[in-house]
Every structure is written in C-alpha cells, then in structure tokens.
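Commentary on secondary and tertiary structure
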Amino acid sequence: MSLVAIGAYYVDTILSTSHYPGEDEKLRASNIAHRRGGNCANSLEVLQQLTATSRQQLSLNLVAILPAKSSVASQQLIAALEPHVQLRHSIYREQFQEPASCYIIKSQSTGSRTIVNYNELPDMTLEEFIRITDELGPRATWFHFEGRIPAVTFGCIQYLRKQYPSARISVELEKPGREGLQELAGLADVVFYSKTWAQGLGYVSAEECLRDQSTKAQNAILLCCTWGQDGADAFEPGTGEFVHVDAYTSAGFQVVDPIGAGDTFNAGMLYALNCKDKEWDLCTKVKFANRIAGMKVAQEGFPGLS
Ligand code: FRU
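Residues numbered from 1 in each chain as written. Predicted model: local features only at pLDDT ≥ 70, side-chain atom pairs only at ≥ 80, totals over all residues. Heavy atoms only, no water.

Turning our eyes to something else, we now look at the nonpolar core. Of all hydrophobic cores here, the largest spans 46 residues; its most connected members are L3, L62 and F265. The greatest single-element share of this core, amounting to seven residues, is contributed by helix α8 (residues 261-275). Beyond its immediate stretch of four places on either side in the chain, L62 contacts A5, C40, A41, L44, L77, L81, V85, Q86, L87, H89 and S90. Of all hydrophobic cores here, the second largest spans 42 residues; its members include A140, C156, W197 and F235. (Core = buried A, V, L, I, M, F, W, Y, C linked by side-chain atoms within 4.5 Å. Buried < 20%, exposed > 50% of the residue type's maximum accessible area, 1.4 Å probe, protein only. Helix = DSSP H or I, 4+ residues; strand = E, 2+ residues; numbered from the N terminus. Contact = heavy atoms within 4.5 Å.)

Structure (structure tokens):
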C-alpha cells in the first residue's frame with residue numbers, strides 16, 4: 001500500500017510574540033524559528049512516525065513543487081523527510097532557488113497564528129501529475145490532495161477515477177475564497193474541512209458544515225471537520241453515523257504551537273483509514289486523530305507524536 005500526498009512545501013519562519021501587532025506598530029519577537037512546513041509535508045512527517053510501528057505497511061510519497069534540487073531548501077527537505085517519505089516524484093523547478101515561504105506570527109496572548117506566504121514557483125500542471133501517476137502505477141492506493149489549485153486538482157482526480165478506479169482519494173479544503181474547491185469535495189472519497197473554510201461559507205459549527213456538505217459531496221464516504229477549541233466532528237453520509245469529540249487536553253495543557261494542528265489531525269485520520277480501517281470504528285479513528293492533534297498543539301513542531 002502506498003499513499004501519495006500532493007501539496008505545497010513551504011519554509012516557515014515563525015516569530016513568537018506576546019500579542020498580535022497592530023498596523024504600524026513596532027514589536028519585538030521573543031523567538032524566531034525556521035521550520036519545514038506545508039500541509040502535506042507536515043502530515044507526512046506525522047504519518048511517518050505513526051506508520052513506523054504499524055504492522056500494516058504504508059509507503060509514503062510527497063508530490064510537491066520544489067526549487068532547484070541543489071538549493072538549500074530542497075536539500076533540507078530531502079534530509080528531513082527521506083528515506084521514510086519518498087520525494088522521488090516531487091517536481092524540481094531548476095531555474096528557481098527560493099522555496100515557497102511562510103512568515104508566521106504566533107501570538108501568545110490568543111494562541112493564534114497569522115500566516116503570510118510568498119511563492120513564485122510555477123504550480124504543478126495536469127500533464128506533470130499524469131506523468132507522475134503513471135510512474136507510480138497501481139502501487140499508489142491512496143491520493144491525498146491539499147485543495148490548492150482547484151482546476152488542476154479537478155483534472156487530476158478525474159484522471160485517477162478513470163485510470164485507477166480502485167485508488168482512494170481524499171481532499172483537504174482549507175482556504176476559503178478559492179473558486180472550485182466545493183467541486184473537489186464532490187469528487188473525493190474523504191473530505192477534510194477546516195474551520196476557516198467552513199466559516200468562510202457561513203457555517204457556525206462543524207456539525208452544520210458536515211450535514212450540509214454531505215448533500216454536496218456526493219461520492220464521499222467520510223467527511224471530517226476540525227473546529228479548534230471545539231474539537232472535531234466526522235460524518236459518514238452512507239451510514240448516517242455522526243461523531244463529535246471535544247478538543248483533547250491533558251493535565252496542565254497549554255497552547256504552545258498550533259501551527260499544523262489540522263495537518264496532524266489529517267495525518268491521524270489517514271493513518272486510521274489506511275492502517276486501522278478494519279480494527280477501529282469511526283469514533284476510535286476520530287478520537288485518535290484528535291488526540292495527536294491536541295498533543296501537537298501542546299508542543300513545538302511535530303516530533304514524538306506516535
Ligand atoms: C500549517 C502550514 C504551515 C505553512 C502554511 C501553508 O498548516 O502548512 O507549515 O507555512 O500552513 O499554508
């Protein structure tokens with residue numbers, strides 16, 4: 001079994017501040033950290049830990065657009081993820097040296113993280129995806145898409161449905177305002193909705209989002225939505241089973257680093273669906289994903305989450 005995650009790779013620069021600065025304010029950060037980021041890369045870093053001890057083998061692949069292979073950023077990513085996560089099918093834009101970058105302000109007073117990104121790397125094309133998929137062949141059993149460039153992603157999923165009908169497909173809808181994301185949900189088997197995306201559509205709770213979305217995501221067997229401090233919900237349209245779990249906290253819990261909490265939840269669900277599908281019921285799967293997402297929020301970065 002092999003999982004392929006398709007999404008952007010970022011280099012994150014994270015500034016910790018006491019509060020979120022007002023416009024035109026000068027503010028001194030208490031810490032600066034540079035970290036490998038991007039939703040799929042974050043999820044794969046977690047998945048790699050979870051699958052390391054699993055009896056069910058799952059090989060992991062990242063398809064991302066990277067700057068020149070010799071660039072510092074690409075070399076750092078390769079060193080960080082390989083050999084457990086394969087980058088063989090990532091696409092190197094040899095004319096570019098700069099990676100896509102995110103500048104993140106992490107405010108201690110509210111626990112929020114505000115993200116500004118910069119990316120000059122040309123996005124993946126459908127032709128590139130088809131070439132990669134044909135190299136992977138039927139070995140790839142699960143494709144997870146970060147819903148970024150909806151028109152291309154739509155073509156990618158249609159291609160998979162036609163050429164590799166047994167492959168399972170999940171899509172993450174995270175950023176509101178991107179035309180065409182809703183249509184992606186209509187093609188996927190599993191959809192991960194973020195709170196930001198749901199609120200952007202006017203939903204006031206994860207449950208409202210999932211119940212309404214189940215009428216739009218016609219092929220989906222499972223819909224999940226995380227809602228920050230209110231935990232996470234999941235809904236199986238086919239069986240009507242609905243699960244809610246409160247946000248996971250342990251004794252003395254404090255928000256340390258919320259960056260990538262949703263990516264960690266997605267990793268937990270992808271692990272459960274690929275490696276524990278027969279052993280765990282829906283509630284156990286969601287509780288597991290929610291727990292590792294909560295553990296992640298209480299610590300810096302992604303190590304030690306298995
Ligand atoms: C967290 C994250 C960061 C990255 C940004 C990209 O979910 O993936 O690592 O900088 O979001 O949107």
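Here we take up the UniProt feature "domain: Carbohydrate kinase PfkB" (unreviewed entry) in the protein. The UniProt record marks residues 3-301 with the feature "domain: Carbohydrate kinase PfkB" (unreviewed entry), using the residue numbering of this structure. Structurally, residues 3-301 is divided into 33% helix and 25% strand, and its ends, taken at the C-alpha atoms, are 22 Å apart. (UniProt positions renumbered as here; feature names shortened; annotations may be inferred.)

Throughout the structure, instances matching the rule amount to eight aromatic pairs. Arranged with centres 6.1 Å apart and planes meeting at 65°, the rings of F129 and F143 form a pair that is edge-to-face. You can see F129 sitting in helix α3 (residues 126-136) and its partner F143 sitting in strand β10 (residues 142-146), a full 14 residues away along the chain. Judged by its relative accessible area of 1%, F129 is buried. For the pair Y159 and Y164, a centre-to-centre distance of 6.5 Å together with 65° between the ring planes defines the contact as edge-to-face. Each member of the pair, Y159 as well as Y164, is classed as buried. (Phe/Tyr/Trp six-rings, centres within 6.5 Å; stacked < 30°, edge-to-face > 60°.)

Attention shifts here to the pattern of salt bridges. Within the structure shown, the criterion is met by 16 salt bridges. A salt bridge links K106 to E300; the shortest N-O distance between them is 3.1 Å. Taken together, the residues span a long stretch of sequence, with K106 in strand β8 (residues 100-107) and E300 in the segment after α9 (282-297) at a distance of 194 residues. Exposure remark for E300: the relative accessible area of 44% places this residue in the partly exposed category. One salt bridge in this structure joins D277 and K285, with 2.7 Å as the shortest N-O distance. Relative accessible area serves as the criterion here: at 41%, D277 is assigned to the partly exposed category. (Salt bridge = Lys/Arg side-chain N within 4 Å of Asp/Glu carboxyl O.)

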